[in-house]
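Residue strings, one per chain:
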Amino acid sequence: MIVKVCGMREPENIRAIEQAGADWMGFIFFPHSARYVTHCPEYLPEQCRRVGVFVNESTENILLKAQEFGLHYIQLHGRETPEQCRKLKTAGLGIVKVFSIARESDLRPVGCYEGICDYFLFDTACSGYGGSGKTFHWDILQAYQAKTPFLLSGGLRPGSLSSLLQFKHEQWAGIDLNSGFETAPGLKDSAAVHTFINQLKQKIQ
Ligand SMILES: O=C(O)c1ccccc1NCC(=O)[C@H](O)[C@H](O)COP(=O)(O)O
């Protein structure tokens, strides 16, 4: 089970979340986000895969950030096309395409990205692009029949553990933690993340 912690930017907090056992760490390169990373932190995680989060950004700018931050994965939250995903993949980056989910029909576009992306991330549909702090009805994902593994996202918080333990899907590969574990935007409660990861990984590998 991959645990991604998103919206990081403070060096000490990055270290603490790495120590807490996060597998992936997300850096948000979207200027309108409260978690926007304006400059490269003094410390970047070495044990975690580094994920760059972008919204409708040019391939050129994404590649610049990928180099600066040593990104392993690019997570795309906007209207990025399969062609842009393919270009980034060809540059040697892993690709995570995000789909905002409110109803079953929101799963329809995944077919165009199948075979190009390494992972999909299913997040709650909201007026912005992410970080809503709200969950969607996970039952909708039972209609997902493609083969690309996915991360479950949107509104996860310490109290989500029991629901996660009941969730089942063959392609479910991980979860994404963000605002539900924050003490302030961009600052995670490392003790809460540590406890949550330990409890989750004791039950699900
Ligand atoms: O978190 C943000 O501020 C954000 C803004 C714009 C695009 C993406 C953003 N977050 C990316 C993520 O992967 C979040 O973890 C995901 O949306 C879930 O967030 P939350 O509902 O707060 O758990």
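Residues numbered from 1 in each chain as written. Predicted model: local features only at pLDDT ≥ 70, side-chain atom pairs only at ≥ 80, totals over all residues.

(A) Spotlight on the overall build of the protein chain. On a plain count of helices and strands, the protein chain comes out with five helices and 10 strands. Against the globule reference of 17 Å for 205 residues, the protein chain gives a C-alpha radius of gyration of 16 Å, in line with a compact fold. The C-alpha extent of the protein chain, read off along each of the three principal axes, is 40 × 40 × 30 Å. Residues classed as buried in the protein chain amount to 37% of the 205 residues present. Considering only residue pairs separated by 6 or more positions, the protein chain has 54% of its internal contacts joining residues 24 or more positions apart. (Helix = DSSP H or I, 4+ residues; strand = E, 2+ residues; numbered from the N terminus. Rg over C-alpha atoms; globule rule 2.2 N^0.38 Å. Buried ≥ 20, exposed ≤ 12 C-beta atoms within 10 Å, placed from the backbone. Contact = placed C-beta atoms within 7 Å.)

(B) Here's a closer look at the nonpolar core. One finds Val5, Ala22, Met25, Ile74, Val96 and Val193 to be the most contacted residues of the largest nonpolar core, which totals 49 residues. Among all residues touching Val96, those that are not within four sequence positions of it are Val51, Tyr73, Ile74, Gln75, Cys117, Asp118, Tyr119 and Leu121. (Core = buried A, V, L, I, M, F, W, Y, C linked by C-beta atoms within 7 Å.)

(C) Quick peek at the site of the ligand. Taken together, the neighbourhood of the ligand is formed by 25 residues, with Cys6, Gly130, Gly131, Asn178 and Ser179 sitting nearest. Of the residues belonging to the shell around the ligand, the class tally is eight nonpolar, 14 polar and three charged. (Near = placed C-beta within 6 Å. Nonpolar A, V, L, I, M, F, W, Y, C, P; charged D, E, K, R; others polar.)

(D) Representation of the pairing of strand β8 (residues 172–177) within the structure. Note that strand β1 (residues 2–5) and β8 share four bridges and pair parallel. If you follow Val5 over to β8, its bridge partner there is Leu177. In this sheet, β8 lies alongside strand β7 (residues 150–152) in parallel orientation, the contact comprising three bridges. Bridging from a neighbouring strand, Leu151 pairs with Gly174 of β8. On the question of chirality, the crossover connecting β7 to the parallel β8 by way of helix α4 (residues 161–166) is right-handed. (Pairing = 2+ DSSP bridges. Right-handed = clockwise from strand over helix to strand, strands pointing away.)

(E) Structural view of the UniProt feature "domain: N-(5'phosphoribosyl) anthranilate isomerase (PRAI)" (unreviewed entry) in the protein chain. The UniProt entry lists residues 3–198 under the feature "domain: N-(5'phosphoribosyl) anthranilate isomerase (PRAI)" (unreviewed entry), expressed in the numbering used here. The span residues 3–198 carries 22% helix and 23% strand; its end-to-end C-alpha distance comes to 11 Å. (UniProt positions renumbered as here; feature names shortened; annotations may be inferred.)

(F) Representation of the sheet that holds β7 in the model. Pairing is parallel in the closed barrel, where eight strands are placed in the order β1-β2-β3-β4-β5-β6-β7-β8. Direction aside, neighbouring strands of the sheet carry axes that sit 30° apart on average. Sheet strands touched by helix α3 (residues 82–90): β4 (73–76) and β5 (94–101). Its angle to β5, the strand with the most contacts, is close to 155°. (Axes fitted to C-alpha atoms, helices over the stretch in contact; angles between N-to-C directions.)

(G) Structural detail: the confidence of the model for the protein chain. Confidence in the prediction for the protein chain averages 97 pLDDT; 100% of positions are at 70 or higher. Both scores are given for the predicted complex: the pTM is 0.97, the ipTM 0.98. (pLDDT = per-residue confidence, 0-100.)

(H) Representation of the environment of His137 in the model. Its location among the elements puts His137 in the loop between β6 (119–124) and β7. Through-space distance from the C-alpha of His137 to that of Glu46 is 34 Å; in sequence the pair is 91 residues apart.

(I) Layout of the environment of Phe30. Take Phe30: it is sitting in the loop between β2 (24–28) and β3 (49–54). Taking the C-alpha atoms as reference points, Phe30 and Asp123, 93 residues apart in sequence, are found 16 Å from one another. In contact with Phe30, not counting residues within four places along its chain, are Tyr36, Val53, Phe54, Val55 and Tyr129.

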